[in-house]
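Each chain, letter by letter, is given below.
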Amino acid sequence: MDIQEGYALSEQVHWRDARNGDYAVIGDPIGHSLSPVMHQAAYQTLGLELTYNAYRVPLGEVALACTHFRHLGYKGINVTVPLKEDALAASRAPDEFSRLVGAANTLRLQDMACTNTDGPGFIETLKGLGIDKGAQVLLLGAGGSARGIARALFEAGYKLCIYNRTPERAERMVRELQIEAELCGANPSGASLIVNATSAGLLGGDLPVQWERAEPDAVAYDLVYKPEPTPFLKAASAHGLRTVDGKPLLAAQGALSLEWWLGIPAPRDAMLASLR
Ligand code: NDP
């Protein structure tokens, strides 16, 4: 198997130009995706002769693209920004979590079933950070990713405070997810974990976090992993906080997708190492 194959294809290839394969990630844009190299590293570790590619799929074309991928022999598809809601709509058998969250990041083409591994993957990455269940979490954002993480944190027993630039969207999120959460300002006082689930940094915007009020042993966690460090993590470090970027989450959600498709344990260490 050739790891470079996956890389070469990650250069914004449109889904209509896809070639035969086993698994792929779709998004728009998609050229930046690290998923091909991560999944190829997993297959190599497991001794599996599988391929994983990346394709650009414009919004609204997920169902059409999936029919095409199935004809080309693909078995499963990971879905990234901005197609996660589109993927849920294209699915014929969403699981309970993805239906509640309103977004899917993993599709099985044979029966068009889907799941969402972002939320459970996020919880997995909290192991080892010393943030006990019941601790307070300040979650920034109310977009597609924040929804999965909010529901997963609630199910895992954390106390949630949610800040979003557009408060009505946060209010709607809490209602639709059927969770208990306080809507608050970007004040991290009392929070053991401060999570950035916004795209503010990517778009050059600043989040109004009151860092001087953060607990000294709190962890700042950014879903984003570029640039290194992200503006959010740079500000957190400057205030002496521990930081985690989005790579452990990328590896964990990918590992859970692989396990959902193949039914065997994913080599998490190799997957995370391939990102570094
Ligand atoms: P969405 O577009 O669905 O949501 C964007 C969120 O960011 C909204 O809450 C929006 O607030 C907020 N936002 C955008 N610009 C600003 C700004 N200038 N100031 C304050 N808030 C702002 O995106 P997603 O939820 O899908 O993704 C969020 C980020 O997480 C992305 O950067 C994505 O790449 C990353 N991610 C990383 C993963 C990983 O594996 N590491 C997994 C999933 C996501 P408003 O409602 O006011 O517009």
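Above: the structure in question.
Once a new chain begins, its residue numbering starts again from 1 and follows that chain's sequence as written. The predicted origin of the model limits local features to residues at a pLDDT of at least 70 and limits the giving and counting of side-chain atom pairs to 80 or more, whereas totals for whole chains, interfaces and linings rest on all residues. Excluded from the side-chain calculation are hydrogens and water; included are all heavy atoms of the structure.

Draft legend 1. Quick peek at the pattern of salt bridges. In the sections that follow, a salt bridge refers to a side-chain nitrogen of Lys or Arg positioned within 4 Å of a carboxyl oxygen of Asp or Glu. Enumeration over the complete set of coordinates arrives at ten salt bridges. The closest approach of N and O atoms between D118 and K84, which form a salt bridge, is 2.7 Å. Of this pair, D118 sits in helix α6 (residues 118–125) while K84 is found in helix α4 (residues 84–90), placing the two residues 34 residues apart along the sequence. Just as D118 is buried, K84 falls in that class too. Linked through salt bridges whose partners overlap, the residues forming this network are E124, E259 and R268. Secondary structure elements follow DSSP: runs of H or I of four or more residues count as helices, runs of E of two or more count as strands, with numbering from the N terminus. Buried, partly exposed and exposed residues are distinguished by accessible area as a fraction of the type maximum, computed with a 1.4 Å probe on protein chains only: under 20%, between the cut-offs, and over 50%, respectively.

Draft legend 2. A look at the environment of D17. On the secondary structure map, D17 appears in the loop between α1 (3–9) and β1 (23–27). On the accessibility criterion, D17 (57% relative accessible area) is exposed. When the C-alpha positions of D17 and V244 are compared, they lie 37 Å apart, and in sequence the two are 227 residues distant.

Draft legend 3. Layout of helix α7 (residues 144–155). Take the residue count of a helix, subtract one, and multiply by 1.5 Å to get its expected span. Compared with the 16 Å implied by 1.5 Å per residue over twelve residues, the 17 Å span of α7 between its first and last C-alpha is a close match. The complete set of buried residues in α7 reads A146, R147, G148, I149, A150, R151, A152 and L153. Buried residues belonging to α7 abut α5 (96–101), α6, β7 (136–140), β8 (159–163) and α8 (167–177). Downstream of α7 by one or two residues, G157 has phi in the positive range, about 95 degrees. Whether two residues touch is decided by their heavy atoms; if any such pair falls within 4.5 Å, the residues are in contact.

Draft legend 4. Main features of the packing of aromatic side chains. Centres within 6.5 Å make a pair out of two Phe, Tyr or Trp rings, where for Trp the six-membered ring is used; the pair is then stacked when the planes are under 30 degrees apart, edge-to-face when over 60, and tilted otherwise. Following the criterion strictly, the structure yields seven aromatic pairs and no others. Here Y55 and Y74 contribute two aromatic rings whose centre-to-centre distance is 6.2 Å and whose plane-to-plane angle is 80 degrees, an arrangement assigned as edge-to-face. Of this pair, Y55 sits in strand β2 (residues 52–56) while Y74 sits in the loop between α3 (62–71) and β3 (76–79), placing them 19 residues apart in sequence. For Y55, a relative accessible area of 0% corresponds to the buried category.

Draft legend 5. Local environment of the packing of helix α2 (residues 35–46) against helix α11 (residues 268–275). To get an axis, fit a line to the C-alpha atoms, keeping to the stretch in contact for a helix; angles then go from 0 to 180 degrees between the N-to-C directions. At their nearest, the axes of α2 and α11 sit 8 Å apart, and the two run at 140 degrees to each other. Comparing their axes, α11 and α2 come out oblique. Handedness of the crossing formed by α2 with α11: right-handed. On the side of α2, the interface is formed by V37, M38, H39, A41, A42 and T45, while α11 contributes A270, M271, S274 and L275. Here is the rule for angles: anything less than 35 degrees is roughly parallel, anything more than 145 is roughly antiparallel, 65 through 115 is roughly perpendicular, and the remaining ranges are oblique. By convention, the crossing between two helices is left-handed when the near helix turns anticlockwise from the far helix through less than a right angle, and right-handed when the turn is clockwise.

Draft legend 6. Summary view of unusual backbone geometry. Residue D28 is joined to P29 through a cis peptide bond whose omega torsion reads 5 degrees. Mapped onto the elements, P29 comes out in the loop between β1 and α2. The amide bond that connects K226 to the next residue, P227, takes the cis arrangement and shows omega of -5 degrees. Relative to the elements of secondary structure, P227 occurs in the loop between β11 (219–222) and α9 (231–238). Of note in the backbone geometry, M112 takes a positive phi value of approximately 50 degrees without being a glycine. By relative accessible area, M112 is classed as buried at 3%. Even without being glycine, Q178 reaches a positive phi, approximately 55 degrees. Here Q178 shows up in the loop between α8 and β9 (182–183).

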